[in-house]
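For reference, the chains in residue letters:
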Amino acid sequence: MDNLETNLNELKDILNLSKKQIEDRKLSLLDFSKNGFPSKKDEDWKFIDLNRIISSKIPKIKFSNNLVSKKIENKEIFNNISKNLLENNYVISKNGLITDVVLDHEDKNKFSITKIPLNIKEDQYSSLGSLNKAFYLDYLKLVVKENYKFKKPVLIINYSSPEIENTVLNQRFDLVMEKNSCMSILDLNWNLSENNFYNINNNFQLNENSILKNYKIDLNNNSNIFYSKTKIELYKNSISENFIISSGSECSKNEIECDLKEKFSSAFVNGIINLDVSKQHEIRSKINHLSENTKSYQLIKCALKDKSKAVYQGKIFVDSVAQKTDGYQLSKAILLNEGTEFNGKPELEIYADDVKCSHGSSSGNLDENKIFYLMTRGLSKNEAKKILLDGFFLEVIEKITDTKVKDLIKELMKIR
């Protein structure tokens, strides 16, 4: 990583950064340099050693690449995406640069968009947060105004072209939901590039009575390493619904942290990890109950074959003032052959005495009797397994409350 400062100077030319902006980024670069990429020494990374993976897979890693600014026509992206998806609002990020923000289905007076960051929050305990702040390529802040409900979801297309390789791509997205507002986000990874590390940082603020439905989809096979950190602050009576499909990237980790700051706020984290070959994916969630009468629900299901590996780390924290908390967490894994590995780490940390919290984790195989029964009805073994796995995943998919998004996800996963 001796080329860090050189790469930062290259980024200055790509993004036309001012001297002040470079100095601010250098401070974050210094923080990252102290610790580098996280390894198993970090408790949060004990199951997937990112430092080792990057060292072996991207030994000559670059922190900037002038090819990111190469012009890409939208039709090159749209040709690979379902027309049903493109009927929504959309934001297009090409190689980490946001090129299109098209919210034509909405009242333009009911939202605002900012591209220049004024006050970026940084997790002082996260080396990847510091890396993101030092090298982020682009930034977007969306504010949904009070009492406004988006008519259609916002499709965020994260596209990367085949020319980009061995590069770190950093991006930031902030969202503020004002009182009584509502919207859905469909975050789609469509990566054609190879051997890159994506480092995405999201910060969402949900004010009183607001509702955010946040869906993240990683389905197309690629050899990239993907990391996303989403921090959500919830205020009185707000709701955050989060859903993750984790399947396409060679290595992936999605982190979601929700702070339930005021009473009657609720956070839901549901996810599917569906892997083959030697892929390694993780979902890590932390729900902080910081006020009374708050609720959380987490359900993660995994299906693994070949030599793939899945991890779910889920934590429910209940502050001493958070009486009448209702927290639930469950993870289940199906191991389709002996070479797979599932690691579950459920945690409860409770300091209040009037709460209802539970957690659990289990793993096992498909029921051979059920497979045999379906085969007697004329199905092949693979068809029988597909039906059983679809049923296994449907419990999670049915938690999606946006019916249009639910149907789209079933279409993408080829579930009837």
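Just so it is clear, the structure is predicted and the values come from calculations on it, not from any experiment.

## Observations concerning the side chain of K94
And then number 1: By secondary structure assignment, the location of K94 is in strand 1 (residues 89-94).
And then number 2: For K94, the contacting residues outside a window of four places in its chain are V68, I72, E73, N74, I77, T99, D100 and Y159.

## Details of the sheet that holds strand 18 (residues 341-350)
And then number 1: The nine strands lie next to each other as 3-4-6-8-10-12-14-16-18, forming an open sheet whose pairing is mixed. The open sheet terminates on both sides in strands that have one partner only, identified here as strand 3 (111-114) and strand 18. Taking the axes of each pair of neighbouring strands and ignoring which way they run, one obtains an average angle of 10° across the sheet.
And then number 2: As defined by bridge partners, strand 3 adjoins strand 4 (residues 136-144) across four bridges and the pair is classed as antiparallel. Across the sheet, F111 pairs through a bridge with V144, a residue of strand 4.

## Topic: the sheet that holds strand 19 (residues 355-364)
And then number 1: Taken in spatial order, the ten strands of this open sheet run 2-1-5-7-9-11-13-15-17-19, and their pairing is mixed. Because the sheet does not close on itself, it has two edges, and the strands there are strand 2 (97-102) and strand 19. In this sheet, adjacent strand axes meet at a mean angle of 10° when their direction is disregarded.
And then number 2: Two elements, strand 7 (residues 182-191) and strand 9 (residues 211-218), share eight bridges in a ladder whose sense is parallel. When the sheet's bridge partners are listed, M183 is paired in strand 9 with L212.
And then number 3: With respect to the sheet, helix 8 (residues 403-412) is in contact with strand 7, strand 9 and strand 11 (239-246), its orientation differing from that of strand 9 by roughly 10°.

## Structural notes on helix 5 (residues 127-135)
And then number 1: Buried residues dominate helix 5, accounting for eight of its nine residues.
And then number 2: The complete set of buried residues in helix 5 reads S127, L128, G129, S130, L131, N132, A134 and F135.
And then number 3: Between the side-chain oxygen at the start of helix 5 and the backbone nitrogen of L128 there is a gap of 3.4 Å, and the oxygen is on S126.

## Brief notes about the pattern of salt bridges
And then number 1: Counted according to the given criterion, the structure contains 26 salt bridges.
And then number 2: Between E43 and K345 there is a salt bridge whose closest N-O contact spans 2.7 Å. Separated by 302 residues along the polypeptide, E43 in the loop between helix 2 (19-35) and helix 3 (50-57) and K345 in strand 18 bring together distant segments of the chain.
And then number 3: Overall, the relative accessible area of 41% leaves E43 in the partly exposed class.
And then number 4: Taking relative accessible area as the criterion, K345 reaches 17% and is therefore assigned buried.
And then number 5: Residue K410 is joined to E398 by a salt bridge in which the shortest nitrogen-to-oxygen separation is 3.1 Å. Here the residue K410 occupies a position in helix 8, and E398 occupies one in the loop between helix 7 (381-397) and helix 8, the gap between them amounting to twelve residues.
And then number 6: Take E398: its relative accessible area is 40%, and that puts it in the partly exposed class.

The rules behind the values
Residues numbered from 1 in each chain as written. Predicted model: local features only at pLDDT ≥ 70, side-chain atom pairs only at ≥ 80, totals over all residues. Heavy atoms only, no water. Helix = DSSP H or I, 4+ residues; strand = E, 2+ residues; numbered from the N terminus. Contact = heavy atoms within 4.5 Å. Pairing = 2+ DSSP bridges. Axes fitted to C-alpha atoms, helices over the stretch in contact; angles between N-to-C directions. Buried < 20%, exposed > 50% of the residue type's maximum accessible area, 1.4 Å probe, protein only. Polar contact = N/O pair within 3.5 Å; in protein donor to acceptor, adjacent residues only side chain to side chain. Salt bridge = Lys/Arg side-chain N within 4 Å of Asp/Glu carboxyl O.

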